[in-house]
2 protein chains.
Amino acid sequence: MSKVNLAAAFASFEEAWAPRLAARIDDFAVKVVKLRGEFVWHHHDDNDELFLVVDGQLWLRFKDRDDVLLETGELYVVPRGVEHMPDAPEECHVVLLERADLVNTGSAGGERTAELTPLDG
Amino acid sequence: MSKVNLAAAFASFEEAWAPRLAARIDDFAVKVVKLRGEFVWHHHDDNDELFLVVDGQLWLRFKDRDDVLLETGELYVVPRGVEHMPDAPEECHVVLLERADLVNTGSAGGERTAELTPLDG
């Protein structure tokens with residue numbers, strides 16, 4: 001692989017809620033995704049999910065704990081089984097660290113389920 | 001867990017080459033580490049290792065490919081089995097994403113092997 005420049009990666013696509021594969025590490029992946037607005041409530045039965053905000057602000061909404069506001073340079077791990085809804089009032093650039101095969105909508109499924117596509121695809 | 005602010009994390013310790021555990025995701029970890037100078041040549045037999053530079057410049061030196069210079073906001077995955085040596089001419093702040101139990105010196109071992117310690121420890 002070549003190195004990945006995160007700013008260039010985010011500049012290479014516009015679509016929101018469509019994660020791009022930036023790198024694989026064993027069976028894990030670094031995915032880059034642009035978020036705009038509210039997602040769907042869901043959880044992942046068997047896997048944790050890390051959100052790192054690289055530009056903007058992201059609310060992680062929860063039902064079993066206080067919501068978390070992530071600003072640029074902040075990260076949070078949503079534990080397996082925890083119902084959550086990402087909510088980005090303005091466009092937010094996020095790096096996800098999670099199993100490569102984790103599906104974005106998790107338990108919810110539905111029309112907002114997105115294929116993971118290559119960064120340059 | 002609470003959210004982690006990367007700038008605050010790096011401000012919380014000074015020691016170089018001593019990774020701190022910032023977050024766990026399944027059996028993976030986000031580790032934050034300050035690098036100054038050259039490390040030891042080593043490889044990891046069975047695991048990939050991701051370097052993300054959050055402040056500074058990092059050379060990844062290789063024997064089987066061209067060296068890679070990572071600047072702020074750039075990442076690279078060193079594949080399993082690939083001999084490498086991190087080299088930071090000036091202090092560099094790095095996020096590592098790798099299996100939680102990966103040992104920093106890998107195949108080399110020796111005096112620069114560091115325990116992974118909690119971020120606030």
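Here the structure is a predicted model, which means the values were calculated and not measured.

Participant: Looking at this structure, how should I read the overall build of chain A?
Facilitator: A tally of regular secondary structure across chain A gives one helix and nine strands. Along chain A, from the amino end to the carboxyl end, the secondary structure elements read β-α-β-β-β-β-β-β-β-β. Its C-alpha radius of gyration of 13 Å places chain A within 12% of the 14 Å reference for a compact globule of 121 residues. Seen through its C-alpha atoms, chain A measures out along the principal axes to roughly 40 × 30 × 25 Å.

Participant: Explain the relation of the copies chain A and chain B to me, please; I cannot follow it from the model alone.
Facilitator: Two copies of the chain are present, and they differ by a rotation about an axis and a shift along that axis. By a simple turn and slide, chain A fits onto chain B: the slide is 0.0 Å along the axis, the RMSD is 0.0 Å, and the turn is 180°. Taken together, the rotation and translation describe the operation of a two-fold axis. Same-surface contact between copies: 100% of interface residues of chain A are shared with the interface of chain B.

Participant: What's the story with the side chain of A:H42 in this structure? I'm lost.
Facilitator: All names here are of chain A. If you trace the backbone, H42 turns up in the loop between β3 (28–38) and β4 (49–55). A residue is classified by how much of its surface remains accessible, and H42, at 1% relative accessible area, is buried. Setting aside its immediate chain neighbours within four residues, H42 contacts E49, V82, E83, H84, P86, N104, T105, G106, S107 and A108.

Participant: Honestly, unusual backbone geometry in this entry has me stumped. Any pointers?
Facilitator: Despite not being glycine, A:D26 shows a phi value in the positive range, around 55°. In this fold, A:D26 is placed in the loop between β2 (20–25) and β3.

Participant: Which parts of the structure should I look at to understand the packing of aromatic side chains?
Facilitator: Counted according to the given criterion, the structure contains seven aromatic pairs over all chains. Between B:W17 and B:F39, the aromatic rings sit 4.6 Å apart at their centres with planes inclined by 15°, giving stacked as the arrangement. Of this pair, B:W17 sits in the loop between α1 (6–11) and β2 (20–25) while B:F39 sits in the loop between β3 (28–38) and β4 (49–55), and the two are 22 residues apart along the sequence. Residues B:W17 and B:F39 agree in their burial class; the two are buried. A:K34 extends its terminal NZ or CZ atom over the ring of A:F13, reaching a point 5.3 Å from the ring centre. Here the basic side chain of A:K63 rests over the ring of A:W41, its NZ or CZ set 4.6 Å away from the ring centre.

Participant: Can you help me understand the pattern of salt bridges in this one?
Facilitator: Overall, the coordinates contain 24 salt bridges over all chains when judged by the stated rule. Between A:E15 and A:R20 there is a salt bridge, with its nearest N and O atoms 3.6 Å apart. Here A:R99 ties to A:D27 by a salt bridge, and the two come within 2.8 Å at their closest N and O atoms. Of the two residues, A:R99 is situated in strand β8 (residues 84–99) and A:D27 in the loop between β2 and β3; the sequence distance between them amounts to 72 residues. For A:R99, a relative accessible area of 23% translates into the label partly exposed. Taking relative accessible area as the criterion, A:D27 reaches 30% and is therefore assigned partly exposed. The structure contains a network of salt bridges with shared partners spanning A:D26, B:D48 and B:R80.

What counts, and at which threshold
In this numbering scheme, every chain counts its residues from 1 along its sequence in written order. Labels follow written order: the first chain is A, the first ligand is 1, and so on. Only residues with pLDDT of at least 70 get local features here, since the model is predicted, and only at 80 or more are side-chain atom pairs given and counted; chain-wide, interface and lining totals rely on the full set of residues. Calculation of side-chain values draws on the structure's entire complement of heavy atoms; hydrogens and water are dropped beforehand. To qualify as a helix, a DSSP run of H or I must reach at least 4 residues; to qualify as a strand, a run of E must reach at least 2; elements of each kind are numbered from the N terminus. For the radius of gyration, the atom set is restricted to C-alpha positions; the globular benchmark scales as 2.2 Å times the number of residues to the power 0.38. Superposing the copies works by least squares over the C-alpha atoms of residues that have pLDDT at least 70 in both of them. By definition in these notes, contact holds between two residues if any of their heavy atoms fall within 4.5 Å. Relative accessibility thresholds used throughout: buried, under 20% of the residue-type maximum; exposed, over 50%; partly exposed, between the two (1.4 Å probe, protein chains only). Each aromatic pair joins two rings of Phe, Tyr and Trp (for Trp, the six-membered one) with centres within 6.5 Å, and gets the label stacked for planes under 30 degrees apart, edge-to-face for over 60, and tilted for any other angle. We call a charge positioned above a ring when the Lys NZ or Arg CZ atom is no farther than 6 Å from the ring centre and deviates by at most 35 degrees from the ring normal. Only one rule defines a salt bridge in this text: a Lys or Arg side-chain nitrogen within 4 Å of an Asp or Glu carboxyl oxygen.

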